[in-house]
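As a plain string of letters, each chain reads:
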Amino acid sequence: MRVYAICVYLFLYMPIAIIALFSFNAGRHASQLQGFSVQWYGRALKNPFVMDALQTSLMVALVSALLASVLGTLTAIGLQGMRGPVRVIFDGIIYIAIMIPGIVIGIATLIALVTVFDQINPWLAALWPEASEAPSLSMGMGSLIAAHTMFTMALVVVIVRARLSSLERDLAEASADLYATPFGTFWQITLPLIAPAILAGFLLSFTFSFDDFIIAFFVAGSETTLPIYIFSSIRRGVTPEINAIGTMVMLASLILLIIAQLILRREHKA
Amino acid sequence: MTKRERNWLLLLPGGAWFLIMLVLPLTVVFIFSFGERGDAGGYVPAFTLEQYANLPARLTAFENTMILAPIGTLISMLIAYPLAYQLAVNTSRKWKTVLLVLVIVPFWTSILIRSYAWIYILGGQGIPNLLEMLGIEGVRLIYTPFAVLIGIIYGYLPLMVFPIYVSLDRLDKRLLEASSDLGAKPFATFMQVTLPLSVPGIATGCMLVFILLMGEFLIPALLGGGKVFFVGNALVDLFLQSRNWAYGSAVAVTLIVIMLVTVTVYMRLISRLNTQRDDVSIM
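Residues numbered from 1 in each chain as written. Chains lettered and ligands numbered in written order. Predicted model: local features only at pLDDT ≥ 70, side-chain atom pairs only at ≥ 80, totals over all residues. Heavy atoms only, no water.

Before going further, it helps to spend a moment on the overall build of chain B. If you tally the helices and strands in chain B, you get 13 helices and zero strands. The N-to-C order of helical and strand elements in chain B reads α-α-α-α-α-α-α-α-α-α-α-α-α. Summarising its shape, the C-alpha atoms of chain B cover approximately 75 × 75 × 35 Å along the three principal directions. A buried classification covers 51% of the 283 residues belonging to chain B. Look at the contacts in chain B between residues 6 or more apart in sequence, and 72% of them connect residues 24 or more apart. Looking at chain B as shown, the accessible area adds up to about 13,600 Å², and 67% of this sits on carbon and sulfur atoms. A gap of 8 Å separates the mean positions of the 19 positive and 15 negative side-chain charges of chain B. (Helix = DSSP H or I, 4+ residues; strand = E, 2+ residues; numbered from the N terminus. Buried < 20%, exposed > 50% of the residue type's maximum accessible area, 1.4 Å probe, protein only. Contact = heavy atoms within 4.5 Å. Areas by Shrake-Rupley, 256 points an atom, 1.4 Å probe, with all protein chains shown as cover. Lys, Arg positive; Asp, Glu negative; His and termini not counted. Charge placed at Lys NZ, Arg CZ, Asp CG, Glu CD.)

A few words on unusual backbone geometry. The backbone phi angle of Tyr143(B) is positive, close to 65°, even though this residue is not glycine. Along the chain, the position of Tyr143(B) falls in the loop between α6 (127-133) and α7 (145-170).

This part is about the side chain of Thr73(A). All names here are of chain A. Within the secondary structure, Thr73 is located in helix α3 (residues 48-80). In this structure the side chain of Thr73 is engaged in a polar contact, spanning 2.5 Å, whose partner is the backbone oxygen of Ser69. Other than its neighbours up to four places away in sequence, Thr73 contacts Ala68, Val156, Val160, Ile194 and Ile198. (Polar contact = N/O pair within 3.5 Å; in protein donor to acceptor, adjacent residues only side chain to side chain.)

Moving on, we come to the packing of aromatic side chains. Across all of its chains, the model carries 24 aromatic pairs over all chains by this definition. Consider the rings of Phe217(A) and Phe217(B), whose centres lie 6.2 Å apart with planes at 20°: the pair is stacked. With Phe217(A) in helix α9 (residues 214-219) and Phe217(B) in the loop between α10 (199-214) and α11 (218-223), this residue pair bridges two chains. Residue classification places Phe217(B) among the buried positions, given a relative accessible area of 5%. An aromatic cluster of three or more residues is present, and its members are Phe213(A), Phe217(A), Phe218(A), Phe231(A) and Phe217(B). Residue placement shows Arg43(A) over the ring face of Trp40(A); its charged tip is 4.8 Å from the ring centre. (Phe/Tyr/Trp six-rings, centres within 6.5 Å; stacked < 30°, edge-to-face > 60°. Lys NZ or Arg CZ within 6 Å of the ring centre and 35° of its normal.)

Further remarks concern the side chain of Thr247(A). Residue and element names in this part refer to chain A. With respect to the helices, strands and loops of the structure, Thr247 is situated in helix α11 (residues 240-269). Overall, Thr247 belongs to the buried group, its relative accessible area being 16%. When sequence neighbours within four positions are dropped, the list of residues in contact with Thr247 reads Ile19, Ala20, Ser23 and Tyr41.

A few words on the pattern of salt bridges. All names here are of chain B. For the structure on display, the rule yields four salt bridges over all chains. A salt bridge links Asp172 to Arg174; its shortest N-O distance comes to 2.9 Å. Judged by relative accessible area, which is 32%, Asp172 ranks as partly exposed. Given a relative accessible area of 60%, Arg174 falls into the exposed group. (Salt bridge = Lys/Arg side-chain N within 4 Å of Asp/Glu carboxyl O.)

A few words now on the packing of α3(A) against helix α8 (residues 182-211) of chain A. Residues and elements named next belong to chain A. Where α3 contacts α8, the axes come no closer than 8 Å and their chain directions differ by 145°. Between α3 and α8 lies a crossing of right-handed hand. Grouping the constituent residues of the contact of α3 with α8 by class yields 15 nonpolar, six polar and no charged. (Axes fitted to C-alpha atoms, helices over the stretch in contact; angles between N-to-C directions. Left-handed = near helix turned anticlockwise from the far one by under 90°. Nonpolar A, V, L, I, M, F, W, Y, C, P; charged D, E, K, R; others polar.)

In this section: the nonpolar core. Core analysis: the biggest nonpolar cluster contains 170 residues, and Phe18(B), Tyr116(B) and Leu235(B) have the highest contact counts within it. A total of 17 residues in this core trace back to one element, the largest contributor, which is α7(B). For Phe18(B), the residues in contact, after removing those within four places along its chain, are Phe90(A), Ile93(A), Ile94(A), Ala97(A), Met150(A), Met153(A), Ala154(A) and Val23(B). (Core = buried A, V, L, I, M, F, W, Y, C linked by side-chain atoms within 4.5 Å.)

As a further point, take the interface of chain A and chain B. Counting from both sides, the interface comprises 79 residues of chain A and, opposite them, 71 residues of chain B. In this assembly, chain A packs against chain B so that about 6,900 Å² is buried in total across both faces, 84% of it on carbon and sulfur atoms. The largest contributions to the chain A side of the interface with chain B come from Tyr9(A), Phe11(A) and Ile111(A), which together make up 9% of the buried area. One can count zero salt bridges joining chain A with chain B. Applying the counting criterion to the chain A and chain B interface returns eight residue pairs in polar contact (both at pLDDT 80 or more). Classifying every residue of the side of chain A that touches chain B by side-chain character gives 62 nonpolar, 13 polar and four charged. (Buried area = accessible area lost by both parts, 1.4 Å probe.)

Our focus in this paragraph is α10(B). With 16 residues, α10(B) ought to run about 22 Å at 1.5 Å a step, and its terminal C-alpha atoms sit 22 Å apart, in line with that. Counting buried residues along α10(B), twelve of its 16 residues qualify, which places the element largely inside the surrounding structure. For α10(B), the full list of buried residues reads Pro200(B), Gly201(B), Ile202(B), Ala203(B), Gly205(B), Cys206(B), Met207(B), Val209(B), Phe210(B), Ile211(B), Leu213(B) and Met214(B). On the buried face of α10(B), the contacting elements are α4 (85-99) of chain A together with α3 (59-89), α7, α9 (186-197) and α13 (245-273) of chain B. (Expected span 1.5 Å × (residues − 1).)

What follows is about the confidence of the model for chain B. Residue and element names in this part refer to chain B. Of all residues in chain B, 96% attain a pLDDT of 70 or more, and the chain-wide mean is 88. Below pLDDT 50 for its whole length, residues 276-283 participates in 17 contacts with residues either more than four positions away or in separate chains. Interface scoring of the predicted complex returns ipTM 0.88; its pTM is 0.88. (pLDDT = per-residue confidence, 0-100.)

Right under this line is the structure:
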């Protein structure tokens with residue numbers, strides 16, 4: 001049995017190890033090892049396309065994770081006090097958001113936004129004093145952030161609600177009995193208690209957004225995120241440079257995940 | 001401001017976001033699926049069932065998905081179960097968490113990077129090259145259904161292990177002792193006690209993996225090389241290459257309907273098989 005477990009772990013980690021190994025390849029051929037070198041890391045970090053894509057990815061991940069954490073937490077708290085149809089509708093929407101394949105969300109968002117923009121843009125042009133200077137809405141970083149926020153917000157709601165429902169209702173009531181205002185109760189009692197769940201939700205949202213390829217592929221317009229860059233590079237053939245980028249990306253996700261795990265773990269113990 | 005008003009206010013921004021970014025797009029896809037293709041692509045309003053009548057044109061994609069997704073789910077389950085069992089029953093408390101986290105971590109790192117690693121392993125310089133050294137020549141692995149199958153098992157195995165682990169970990173170990181005290185052999189104990197009690201975990205794992213597999217695009221795109229494609233690949237082709245929004249929407253709606261029907265039927269079956277309910281959650 002133990003041997004079996006080791007085999008499964010090998011299966012899970014061997015491909016990751018291979019990418020890391022080949023990223024240190026001195027030669028330019030992707031599939032033949034020719035000595036050790038870190039040159040590809042240097043090249044990747046100096047490649048302006050990679051750096052642009054990285055910047056876009058970080059920006060999108062940061063903004064959408066922040067928005068998702070704030071809006072998701074508000075939604076979770078609002079739902080806590082709700083009964084009846086509103087709650088059922090929200091539960092249904094969150095279930096759909098998580099269950100519908102990313103590819104369908106990407107496509108649906110693309111055609112809906114393109115259609116809506118096509119309707120709005122002539123109006124903007126007509127209403128603007130100088131028609132040629134009128135802003136025109138198009139797919140890009142805004143639509144990408146909006147789409148990632150939608151999905152990750154659903155994740156945050158699920159995580160924060162789990163924490164809220166395990167909280168002692170008595171605490172908030174005691175606080176109210178001691179003449180704390182509802183806002184004071186929230187600020188001093190509820191928020192500190194759900195903070196670890198919000199933080200974990202933020203980190204998971206960030207990781208999701210940073211790693212997402214399929215939604216971004218449709219809604220990013222002319223923007224290139226790091227996964228989109230990696231995908232289109234692989235289509236042209238795997239290079240040691242892509243392996244170096246992949247290794248760095250996985251290392252970064254790994255660190256974020258370990259932090260999220262530690263936070264959730266501490267919360268369980270508290 | 002009453003408590004009720006306050007709750008509404010709290011739900012407003014999130015609700016509006018879901019409305020614009022989820023409900024509206026899905027509604028648009030549904031409406032478009034009854035429309036027609038414009039001359040230059042895109043969508044022309046109409047009410048016709050033509051797109052749905054045309055679905056057989058993409059039958060191969062649906063067939064591939066409906067054959068490889070269940071097979072992938074089943075094999076993942078068969079691989080995951082012994083591992084979950086080992087972790088839940090035969091591992092000391094100290095190692096349990098570490099080993100479990102090690103299983104889950106790959107799932108949360110980029111599926112794109114993890115999948116393309118298999119291009120190396122299955123490609124010409126990988127396993128076929130090793131086999132050639134052993135004297136077995138002409139083996140082709142990459143861009144075959146087998147490669148796609150390996151990719152999906154590899155990608156979704158962590159998601160299968162976790163729920164099964166949870167159901168086995170919750171199992172009262174005294175039941176196993178009782179069973180063996182009553183003279184049952186280990187295998188009989190497993191078949192009559194452990195396995196039935198872990199059915200909810202198996203069911204959850206299979207459903208999660210199956211749902212995600214139905215919408216898969218990346219793994220067939222990278223490892224199927226255009227020869228083995230899923231509905232997801234057909235969708236990308238329809239929306240980005242041929243720009244046939246109406247037909248693409250019909251394909252997307254059909255995919256969602258198949259998913260909903262499968263999941264509903266499956267849930268019914270499982271709850272009939274096992275009246276005992278157990279809540280299993282992921283992470």
